Amino acid sequence: MPMRRKLSPHETSPSSFEPLCRMLKKRRAAKTMLFVYLFVQALDILLFVFTIVAFATGEMETAGFVVGVVFCALLTVPTVALIFCMRGIGKKIRALEGESGQKIRVRRRFERDILACERWLNGMHREGDALAYADLGAGRFFFIRAESATVFYRIGSKPADAPVPPEFTEGGRFTEICASERRFILKTELADPPLSPSYEGELNRALKIKSRAASFLVGYGVIFGVLAALIISFLVSYSVTEKFDLAMVIVFSVLLSLFFIPLIPGILRYKRVARTVKPLEGACDNPFAALSPSFSPKELEKLKKEKKYVKKIRFFWLTAPDLCERWLEKMEGQGWNLAWMGKFGGSFHFIKGEPRRIKYFVDYHDGEAEYYSLHKDNGWTLVYSARPISVWSHGYVEQPPVFYNDPQILTRHAKALALVTPICSALLNGADAVFFVMSRFAKGTTFFWVSGLILLPYIAFLGWLTQRCIRYYLRVRAAIKNIKYKM
């Protein structure tokens, strides 16, 4: 392979990469066509195997067998031609890289692990390939030949269509490489610059994706619960009536397979984002994880025996955070001091102590960098944080303190709960009604009544959850209107 020469400044413009880009597009088109032909070839091979079996058993004449062999051979020709075409394009790309001193590397999902992408860029520069610019929307990185050196790249976030913050490039700290709508890339020779871009924006995006993936999995868990209840009711009715309905078994099998197919990518996406969030949290050095307990297991066991420790489970407190705030304040008044909350926010751990007057507040936020320091400076203590939710506490003597937040964000989340929960409940209840109607036409009516008895508590729970979310939204709207009226 020929050595790539170093480039002069006028040869590092985006237009100078056009010949290499065209060759890469040709290779990508050839690769796509090859995948299509390989899929067709696989089907043809399967058909050819059946042809051989039919010919060997005497169920196919010689003419049909010859036609099958010729058809398989004809499909093989374009596949082999595409393979040689891709090899030729690859040789041309390597020759062009050697002549022009350029490289193009595609990393379409680089935003899934920003830290790994930065390490990759640092390694490329150490090998003598400096980043010239990048098309961050397409995930393409353009490199030029340069001196091997230890350089540190940083990928930062910024508001949409905003310029790169000038404080990073002032004083020669960083050199701007490129910028897109929401991201930018800088490089520096300083191992520990005094001021560098924060990973707050990337962490905020990753946590939002993680939250959506978790909501998706929870929703599918609810649907699986409905289907499992229906299958149990079917089995119970079969054991009572001893009448087997094949149509219902087929319906349930099809539904389970249809709901199971999207579940696999949902689980993979959640695990991938979870692996991304953890290193970003460490790089940000922020309090987004739940506050850990300050008691050892032996101390907790001793407190349990002395009846000075209690754990309360509240899985659905986010559907009405204001009620949770009053409940926590009531527990503090009774001498049960909140020590910490569980990792997922569903458990509350209390230690028996002196009654205290503490104001709690559950806030929603967009994750700005100065959010936590602002409220801590005002005397609030962070109890729990899992974006976009934070739980704060503040002790007082006479008048409870006021938590200064954005009413629009609070209203938006309350409105989302009040809209999404009834819609999901209506869809699930509609599905239950369809199953009830279908079960009515089954053999006997046992399945109809058994499924109704099993799903009735579930339907009642959905109704309770719906009215809880709607009433919370109405309370939030009334409180904000009252504040505006007083102002």
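In this text, all values refer to a predicted model and were calculated from it rather than measured experimentally.

Novice: Give a detailed account of the packing of aromatic side chains, specifying residues and quantitative values.
Specialist: Taken as a whole, this structure holds 13 aromatic pairs when the rule is applied. A ring pair is formed by Phe110 and Phe141, whose centres lie 5.7 Å apart and whose planes are at 90 degrees; its orientation type is edge-to-face. Taken together, the positions of Phe110 in the loop between β1 (102–106) and α3 (114–126) and Phe141 in strand β3 (residues 140–145) put the pair 31 residues apart, joining distant regions of the chain. Of the two residues examined, Phe110 and Phe141, each falls in the buried class. Measuring from centroid to centroid gives 5.3 Å for Trp120 and Phe141, while their planes differ by 85 degrees, and the two rings are edge-to-face. Placement of Trp120 in helix α3 and of Phe141 in strand β3 is noted, with a sequence separation of 21 residues between them. Every member of this aromatic cluster is reached through a ring pair, and the members are Phe110, Trp120, Phe141 and Phe143.

Novice: Go over the pattern of salt bridges with me, naming the residues and quoting the values.
Specialist: Applying the stated rule across the entire model yields 8 salt bridges. For Arg145, the salt bridge is made with Asp129, and the minimal N-O distance between the two is 3.9 Å. A residue pair is termed long-range when its members are at least 10 positions apart, and Arg145 in strand β3 and Asp129 in strand β2 (residues 129–135) qualify at 16 residues. Arg475 is the salt-bridge partner of Asp322, the closest N and O atoms lying 2.5 Å from each other. Placement of Asp322 in helix α9 (residues 321–333) and of Arg475 in helix α12 (residues 446–486) is noted, with a sequence separation of 153 residues between them. Residues joined by salt bridges that share partners form a network here, namely Lys103, Asp129 and Arg145.

Novice: Outline α3, listing residues and values.
Specialist: The end-to-end C-alpha distance of α3 is 19 Å, a good match for the 18 Å that 13 residues give at a rise of 1.5 Å each. Extensive coverage of α3 is indicated by the burial of 10 of its 13 residues. If you check which residues of α3 are buried, you get Ile114, Leu115, Ala116, Cys117, Glu118, Leu121, Asn122, Gly123, Met124 and His125. Just downstream of α3, Gly128 is the residue with a positive phi angle, here 100 degrees.

Novice: An account of a positive patch on the surface is needed here, citing residue identities and associated values.
Specialist: Positive charge collects at one region of the surface, where Arg28, Arg108, Arg109, Arg182, Lys208, Arg212 and Arg269 lie side by side. Inspection of the secondary structure assignment puts Lys208 in helix α5 (residues 200–241). Look at Lys208 and you get partly exposed, because its relative accessible area is 40%.

Novice: Before we move on, could you go through α9 and cite the residues and values that matter?
Specialist: The end-to-end C-alpha distance of α9 is 19 Å, a good match for the 18 Å that 13 residues give at a rise of 1.5 Å each. For α9, every residue scored as buried is listed here: Pro321, Asp322, Cys324, Glu325, Trp327, Leu328, Met331 and Glu332. Residue Gly335 follows α9 closely and has a positive phi angle near 95 degrees.

What counts and what doesn't
Residues take numbers from 1 onward in each chain, read along the sequence in its written order. Totals for whole chains, interfaces and linings use every residue, but because this is a predicted model, local features are given only for residues with pLDDT of at least 70 and side-chain atom pairs only at 80 or more, for both listing and counting. Where side-chain values are given, they derive from all heavy atoms of the structure, hydrogens and water being excluded. We call Phe, Tyr and Trp rings a pair once their centres come within 6.5 Å, taking the six-membered ring for Trp, and we label the pair stacked below 30 degrees between planes, edge-to-face above 60, and tilted otherwise. Only DSSP runs of H or I reaching four residues or more are called helices, and only runs of E reaching two or more are called strands; each is numbered from the N terminus. The buried label applies to any residue whose accessible area, calculated with a 1.4 Å probe on protein chains only, is under 20% of its type's maximum; exposed applies above 50%, and partly exposed to all values in between. One speaks of a salt bridge when a side-chain nitrogen belonging to Lys or Arg is within 4 Å of a carboxyl oxygen belonging to Asp or Glu. Given the number of residues in a helix, its expected span is that number minus one, multiplied by 1.5 Å. Every patch collects residues that have over 30% relative accessible area and no salt bridge, joining them within 9 Å if they carry like charges and within 5 Å if they are nonpolar side chains (Val, Leu, Ile, Met, Phe, Trp, Tyr). In this description, accessible areas are obtained by the Shrake-Rupley approach with a 1.4 Å probe, and a residue is regarded as covered only by the protein chains that are shown. Here Asp and Glu are counted as negative and Lys and Arg as positive; His is not counted, and neither are the chain ends. One atom stands in for each charge, and that atom is NZ of Lys, CZ of Arg, CG of Asp or CD of Glu.

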